Amino acid sequence: MSELEDNSAGAVSIFMGNVRNRGKFGNVLEIYYEAYGEMAEVKLREIESEVKTKWNIKKLVAIHRIGNLKVGETSIIIGVCSEHRHEAFEACKYVINNVKTRVPIWKKEMSEESQMWTDGILLE
Amino acid sequence: MRSDIPVNYNLKVRLFAILRDVVGEREITITVPSGVTVSYLNDEILKKYPQLRSFSNKFVTSVNCKVTNGDTIITSSDEIALLPPVSGG
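Residues numbered from 1 in each chain as written. Chains lettered and ligands numbered in written order. Predicted model: local features only at pLDDT ≥ 70, side-chain atom pairs only at ≥ 80, totals over all residues.

Turning next to the overall build of chain A. Along its length, chain A carries two helices and nine strands. Along the three orthogonal principal directions, the C-alpha set of chain A runs to about 50 × 30 × 20 Å. A burial count over chain A gives 31% of its 124 residues as buried. The contacts in chain A between residues at least 6 apart in sequence include a share of 74% that link residues at least 24 apart. (Helix = DSSP H or I, 4+ residues; strand = E, 2+ residues; numbered from the N terminus. Buried ≥ 20, exposed ≤ 12 C-beta atoms within 10 Å, placed from the backbone. Contact = placed C-beta atoms within 7 Å.)

This is how it looks when you write it as structure tokens:
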């Protein structure tokens, strides 16, 4: 949270994505996240730059965890602070929507019965 | 030595997620002549790893962290990766 401190910002919007106990293939025990790290960094910087062009944002933090995460654990956290709430809400939504469609990260749902890669969105 | 004679070189290709599981390797090596396109490389990959054929329209090829189309020319120093549909978040 200290990374989002800014005395000129009156609004802080935070999005956290957690591992759900139900997935596309049934009950989930944990999710294995894998990333193409170098490209993910490039894409996250690209998204950050777009956000700063679109809205008057003071600070932005986006962290995606990789590896095995259990149900209830946080896989992604996005924080944005801005002068007013509208920009913070909109920017936060933009970041999570674009992380899901543009950043090379994959998840495998692990249950007692199976381990299945989740189908997703083909990068453009 | 004439410079227009094609020279073969080994290209390393990184695999991720389901593609890595299917092949069983994080990185594969494909021998290609110089000046080939992404399409050519993909065809060579599918010849060498036929288990990937059922995924041929389910991955894109990145060159130096950029998604490419088939016409992109590859050089020996490029970093290539095959990327299945993403599902982060």
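Moving on, we come to the interface of chain A and chain B. In many reports, interface size means the accessible area that the parts give up when they come together. Taken together, the 24 residues of chain A in the interface contact 15 residues of chain B. Taken together, the elements giving at least two residues each to the side of chain A that touches chain B come down to helix H1 (37–54), helix H2 (85–102) and strand S8 (105–110) of chain A. Each residue belonging to the side of chain A that touches chain B can be placed in one class, and the counts come to 14 nonpolar, four polar and six charged. (Nonpolar A, V, L, I, M, F, W, Y, C, P; charged D, E, K, R; others polar.)

One finds Val80(A), Ala91(A), Val95(A), Val13(B), Phe16(B), Leu19(B) and Leu83(B) to be the most contacted residues of the largest nonpolar core, which totals 49 residues. Not counting chain neighbours up to four residues away, the residues in contact with Val13(B) comprise Glu27(B), Ile28(B), Ile30(B), Ile45(B), Ile80(B), Ala81(B) and Leu82(B). (Core = buried A, V, L, I, M, F, W, Y, C linked by C-beta atoms within 7 Å.)

Note that every value here comes from positions in space, so none of it alone points to a role or purpose.
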